[in-house]
Structure formats: C-alpha cells, structure tokens
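Survey of secondary and tertiary structure
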Amino acid sequence: MLPQGVAIDSRTGIVSPSTTVYEKRLSEFRGVYSDTAALDALIASKGDLVTYTVSERKDPGTDIFFGTTVMQPGRVGEEYFMTRGHFHARRDRGEIYYTQSGEGLLLLQSRDGEIRTVEMKPGVCASIPPDWGHRSINTGTEPLVFVWCCNQDAGHDYAEIATRGMRQLVVQRGGMTAYVANPKYEA
Ligand code: F6R
Ligand code: ZN
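Presented here is a report on the structure given in the accompanying data block. Given the structure is predicted, the values throughout are model-derived calculations rather than measurements. (Residues numbered from 1 in each chain as written. Chains lettered and ligands numbered in written order. Predicted model: local features only at pLDDT ≥ 70, side-chain atom pairs only at ≥ 80, totals over all residues. Heavy atoms only, no water.)

1. What to know about the side chain of D131
Turning to its location among the elements, D131 is positioned in the loop between β11 (125-128) and β12 (132-138). For D131, a relative accessible area of 19% translates into the label buried. Side-chain polar atoms of D131 contact the side chain of R111, separated by 2.8 Å. Sequence-distant contacts of D131, that is, excluding residues within four places in its chain, are made with F87, R91, R93, Q109, S110 and R111. (Helix = DSSP H or I, 4+ residues; strand = E, 2+ residues; numbered from the N terminus. Buried < 20%, exposed > 50% of the residue type's maximum accessible area, 1.4 Å probe, protein only. Polar contact = N/O pair within 3.5 Å; in protein donor to acceptor, adjacent residues only side chain to side chain. Contact = heavy atoms within 4.5 Å.)

If you want it as structure tokens, here you go:
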C-alpha cells in the first residue's frame, strides 16, 4: 500500500473511490423504532425511504479504515432517524466520529448501561472508547454527515442493541429534543 489522498465530498459525504457503499431503509427498522404503527404509516405514505448511506474505504495492508455515514433528517413518530447502533465485536477497539455537516447526537452506552451523549456538529470529533455501544441520531433538518475511522478488525456486534435497544430514546417533543426512558430496555 502506498500513501494516498481519498476525496470526501463536502456536501454529500460520499467517499471516492470507495470500496463498499450500503444503504439502510425504513423497512429494515421494524422493532428498532419504538412506534411500529408510525413506522408502517410513514412507509405507507412516503415509501421505503433510505434513512442513511454508509460509504467505506478499506485498503489492504493497513490496520485502520474509514468512511462516512450520511443520515437523512426525519422522524418515526417522535423518534429521530438513527442508526442501528452497535458495540464493536472486539471489545478493545474504539473509534472516532468527525462531524462534517448537519447536527445530531451520538448516544453511547457502556456494557453496564451507563449512558453518555456527545453533540455532533461541524468541527467536533467524538472519541468512542472501546466497549461503548454507539448510535448516531440526526436531530436537525439537514443531512448529518460524519467521517468515522476505526480498526479494520473492530467488527460489529449488533445483537445486544437489537434485542432491547438503548436505555434512552431521543425524541422530539413540543418542538424540543428530549431524552426519554426506553420501556423495552427496562422490561
Ligand atoms: C463503524 C461505525 C459506523 C457505523 C455506521 C452505521 O464501526 O460505527 O461506520 O457502522 O454509522 O451505523 P450502524 O452500523 O450502527 O447501523
Ligand atoms: Zn462503530
């Protein structure tokens, strides 16, 4: 591998050339958003929208890789559009998230259920410590674009968050962003 520069579009966040690009659509989030009726109603009225796009650049011959996530603005019921959320499969691997545009929240949760948030706004680079679950949430009205970088061998462990979600939900209530306890987590 030789040193190189890879372009990241300042508006769309698309990495070029990328090695993998994938999209996540509303229909893949049944059971992730708390309000299933609102999810079904949104799909019925607006179609199966793409809520985020991940564009990765992974090169052989090095230990790290990077990419971007572009999250669209929107809500399912009260809950803002968000990523699935995951821990890393390797418990000793952290990550950084550098926000390029838009505004949002990085919701983090330790294995014993402690919750922390880091504001996502241009110029903020969030440091995700090893073994903290992380989910990004677009609380704004524009796409939220962030660059992430971690070890190639970090891997994803989606199971825990998929099963009972994170301890808190991030919602819009009365025009304000609010945190509410997730009943499914406490059950
Ligand atoms: C990689 C990482 C990001 C996310 C991406 C989508 O470790 O944290 O690339 O994978 O933002 O989020 P998930 O994977 O939670 O759907
Ligand atoms: Zn991660």
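From this point, the discussion proceeds with the structure in view.
2. As for the sheet that holds β12
Here three strands make up an open sheet; going across it, the order is β10-β9-β12 and the pairing antiparallel. In the strand order of this sheet, the two ends are held by β10 (115-120) and β12, each with one partner. Averaged over neighbouring strand pairs, the angle between their axes works out to 20° when direction is ignored. Summarising the sheet, strand β9 (residues 104-110) and β12 pair through seven bridges and their orientation is antiparallel. Residue pairing across strands places Q109 opposite G133, the latter belonging to β12. (Pairing = 2+ DSSP bridges. Axes fitted to C-alpha atoms, helices over the stretch in contact; angles between N-to-C directions.)

3. Re the nonpolar core
Counting residues in each nonpolar core, the largest one holds 35 residues, and the members touching the most others are L26, Y33, V76, Y97, L106 and F146. Of all the secondary structure elements, the ones that give two or more residues to this core are α1 (36-46), β4 (50-57), β5 (64-71), β9, β10, β11, β12 and β13 (144-151). The contact partners of F146, leaving out residues within four places of it in the chain, are G67, T68, T69, M71, Y97, Y98, T99, Q100, M120 and S136. (Core = buried A, V, L, I, M, F, W, Y, C linked by side-chain atoms within 4.5 Å.)

4. Topic: the site of ligand 1
Near ligand 1 you find 16 residues, and of these Y52, R84, E95, Y97 and Y158 are the closest. At 3.2 Å, a side-chain N or O of W148 approaches an oxygen atom of ligand 1. Y158 has a polar side-chain atom sitting 2.5 Å from an oxygen atom of ligand 1. Protein chains bury 98% of the 400 Å² of accessible surface belonging to ligand 1 in isolation. Its residues assigned to classes, the shell around ligand 1 comprises seven nonpolar, seven polar and two charged. (Near = heavy atom within 4 Å. Areas by Shrake-Rupley, 256 points an atom, 1.4 Å probe, with all protein chains shown as cover. Nonpolar A, V, L, I, M, F, W, Y, C, P; charged D, E, K, R; others polar.)

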